[in-house]
Each structure stands twice: as C-alpha cells, then as structure tokens.
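# Architecture and fold: a report
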Amino acid sequence: ILIGYCVMRRKWKAAVAAAGFAVLMLGLATTVGLSSDLWVFSRKILPSLAIVTLHMQNQSLTAWLARIFLPDTDLLNYSTGLGVFRFVSAALTIILVVATWSVSRRQAMVSLELGTMTLAALLIGPLTWDHYFAWAVVPLTQLADSRLWSRQSSRQRSEILVLLIMGAVLLALPIIYFPSTAIATHWALRFATGIKTLGVLVWFGVSLGLLGKIDSLDNRLPSDYHPPHAPHR
C-alpha cells in the first residue's frame, strides 16, 4: 500500500527503492531456512491464512464489518472465515487510499501521508491481529508536527486533542470476548467487537482532516524563510 501510494504521488525513487528493498529482503529470507520452507508455506500455511478468521482478535475493519452483519454468533472460533466479506478489503483499499490522495495531491508530500497510509493498512486488513496496532504509534508522532496545529483555532485544537485521546483510549482498552450466547441474545454487542478498529478509524479521520489543511508552500519552505533580493547591477 505504501509503495502504491508513492506511485500515485509520483515519488518514483521512493517507490523503486522500497520495492527493491522488499524483494531483496524476501530473497535473503529464502536463503536462511530450509529449501522446502517456501513449498510448505505455499501449500499448507497460505491456504489457511486465505480463509481469514472472524475471531475477535482480528481487529481489521473488514473483520469488524463481517462480525456485525454476518449471522455467525460464535466469534471466538479461529476456523470461522469472513465469507464474502474478505473481498471488502479491496473496496476499502480503494476508498481509503483515494481519499488520502485526493486531499493531498495538490500539495507537497509530507510524512503524515505515509503515516495515514499506515493507519489505512491496519484498517483494510483483512487480517489485523490486535497487537498489530502498535504500528499506529508511527502516525501519532507525525501528528505532533507543530505546523499542523498552528493552522487551527483554539477550539479546533481542543477538539482534535479530544479525538486523539479518544482514539488512544480505545486502542488501550482490552478486547472483550463475548460468548456466543451473549451475541445471539444482544445483537448490539457486535459493535463492541471492534474497539481498537474504532480507535484507528478516529485517528485516520483526524489525519485526513489535518492533511486537507496543509498549505503546499509551507511544506516546502520553513516559516522564517524570506526570498533573496535580486542583486543590484
């Protein structure tokens, strides 16, 4: 996703370097293990991963939507798949990536864009274990850029801070594991199976909103920059 976004933003050097490094590291990884590892992974592990579990520990947005709308009540079974919802990831990828690109395409690229893509990757899954959300710390540090906050009024800064704290609290909360009987009795409990997903959604919305307010000139030049005067002849 990050490489594809770099291509969309025409950052060719970054895209080629990242793709080349990924290929290099994957190639080195194949030389470390047994020669049969790739065959075992392709024939045994990959087919099981392709099912994608409906379990509550899968906190991707795709899995959360599946838990809300699918009729299954046993959400603690790792062998239960997402069904047709596993194809939702492709649509979510297009929506989130294009949304980020559309608000940023007219300005110079900033690091927060890649941080926003990191949040998008956590959401679109389709398999995102709860401990994967440690990656959300990366865009959180990028949101601390003072230039993003200086453009906001005092009220807006307070609202953004509240949203960031709300997302942090949701991410810090432990996952509540509901038994199938509780899910069957109280349908609304399905919404509580994506606590961390909701936290990342809040942060993604904040990142997208701040990206839309960045001025391209301020991205290229420091705040104390003054153009040089033309020399006198």
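To start, this report covers the structure provided alongside it.

Cut-offs and rules
- Residues numbered from 1 in each chain as written.
- Predicted model: local features only at pLDDT ≥ 70, side-chain atom pairs only at ≥ 80, totals over all residues.
- Heavy atoms only, no water.
- Helix = DSSP H or I, 4+ residues; strand = E, 2+ residues; numbered from the N terminus.
- Buried < 20%, exposed > 50% of the residue type's maximum accessible area, 1.4 Å probe, protein only.
- Contact = heavy atoms within 4.5 Å.
- Areas by Shrake-Rupley, 256 points an atom, 1.4 Å probe, with all protein chains shown as cover.
- 1 Å grid on protein atoms, 1.4 Å probe; cavity = no way out; pocket = protein on both sides within 12 Å on 5 of 7 lines; lining within 4 Å.
- Points joined across faces, edges and corners; volume = space filled by probe spheres on them.
- Patch = residues over 30% accessible without salt bridge, like charges linked within 9 Å, V, L, I, M, F, W, Y side chains within 5 Å.
- Salt bridge = Lys/Arg side-chain N within 4 Å of Asp/Glu carboxyl O.
- Core = buried A, V, L, I, M, F, W, Y, C linked by side-chain atoms within 4.5 Å.
- Phe/Tyr/Trp six-rings, centres within 6.5 Å; stacked < 30°, edge-to-face > 60°.
- Expected span 1.5 Å × (residues − 1).
- Bend = angle between axes of the 7 residues up to and from the residue.
- Axes fitted to C-alpha atoms, helices over the stretch in contact; angles between N-to-C directions.
- Parallel < 35°, antiparallel > 145°, perpendicular 65-115°, else oblique.
- Left-handed = near helix turned anticlockwise from the far one by under 90°.
- Nonpolar A, V, L, I, M, F, W, Y, C, P; charged D, E, K, R; others polar.

Here we take up the overall build of the protein chain. Secondary structure assignment for the protein chain yields 12 helices and zero strands. For the protein chain, the α and β elements follow one another from N to C terminus as α-α-α-α-α-α-α-α-α-α-α-α. Reported as C-alpha extents along the three principal axes, the dimensions of the protein chain are approximately 85 × 50 × 25 Å. Taken across its 233 residues, the protein chain has 35% of its residues classed as buried. Excluding contacts between residues fewer than 6 apart, the proportion of contacts in the protein chain whose partners are at least 24 apart in sequence is 73%. When the accessible surface of the protein chain is totalled, it reaches about 13,900 Å², and 69% of it is carbon and sulfur.

According to the stated counting rule, one finds one cavity of 30 Å³ or more in the structure shown. A volume near 80 Å³ is recorded for the largest cavity. Broken down by secondary-structure element, the contributors of at least two residues to the lining of the largest cavity are α6 (111–124) and α8 (146–150).

Turning next to a nonpolar patch on the surface. A contiguous nonpolar patch, built from Trp-39, Val-40, Phe-41, Ile-45, Leu-46 and Leu-49 and spanning about 550 Å² of accessible area, is present on the exposed surface. For Ile-45, the position within the fold is in helix α3 (residues 37–51).

Pairing is possible between side chains that carry opposite charge, provided their charged atoms lie close to one another. One pass over the full model with this rule turns up two salt bridges. Across the pair Glu-113 and Arg-9 runs a salt bridge, and its minimum N-O distance is 2.8 Å. Residue Glu-113 is found in helix α6, and its partner Arg-9 is found in the loop between α1 (2–8) and α2 (12–32); the two are separated by 104 residues along the sequence.

Right, let's get into the side chain of Thr-116. Mapping Thr-116 onto the fold places it in helix α6. Ignoring sequence-local partners within four residues, the contact set of Thr-116 consists of Thr-100, Pro-139, Phe-204, Ser-207 and Leu-211.

What follows deals with the nonpolar core. Grouped together as the largest cluster of nonpolar side chains are 31 residues, with contacts concentrated most on Leu-112, Leu-164, Phe-204 and Leu-210. At the level of elements, α4 (61–69), α5 (88–104), α6, α8, α9 (154–172) and α11 (195–211) are the ones that each hand at least two residues to this core. If we skip the residues at most four places from it in the chain, Leu-164 touches Leu-143, Trp-149, Trp-203 and Val-206.

Right, let's talk about the packing of aromatic side chains for a bit. Each aromatic ring pair is characterised by the separation of its centres together with the angle its planes make. Per the stated rule, a full pass over the model turns up three aromatic pairs. Ring geometry for Phe-69 against Phe-85: centres 6.5 Å apart, planes inclined by 5 degrees, an arrangement best described as stacked. One end of the pair, Phe-69, is in helix α4; the other, Phe-85, is in the loop between α4 and α5, and 16 residues separate them in sequence. Owing to a relative accessible area of 57%, Phe-69 belongs among the exposed residues under this scheme. What makes Phe-85 buried here is its relative accessible area of 16%. Their ring planes at 85 degrees and their centres at 5.2 Å tell us that Trp-187 and Phe-191 sit as a pair that is edge-to-face.

Spacing of three or four residues puts side chains on the same side of an α-helix, whose turn is 3.6 residues. Spanning 15 residues, α3 covers 21 Å between terminal C-alpha atoms, matching the ideal 21 Å at 1.5 Å per step. The largest bend in α3 comes to about 40 degrees, at Ile-45, with the proline Pro-47 one to four residues further on.

The next thing to look at is the packing of α9 against α11. Two numbers describe how α9 lies on α11: the axes approach to 7 Å, and their chain directions differ by 155 degrees. Viewed along their axes, α9 and α11 adopt a mutual orientation that is roughly antiparallel. In this structure, the crossing between α9 and α11 has a hand that is left-handed. Contacts from Ile-160, Leu-163, Leu-164, Gly-167, Ala-168, Leu-170, Leu-171 and Ala-172 of α9 reach α11 at Ile-195, Lys-196, Leu-198, Gly-199, Val-200, Val-202, Trp-203, Val-206 and Leu-210. Taken together, the residues of the contact of α9 with α11 sort by class into 14 nonpolar, two polar and one charged.

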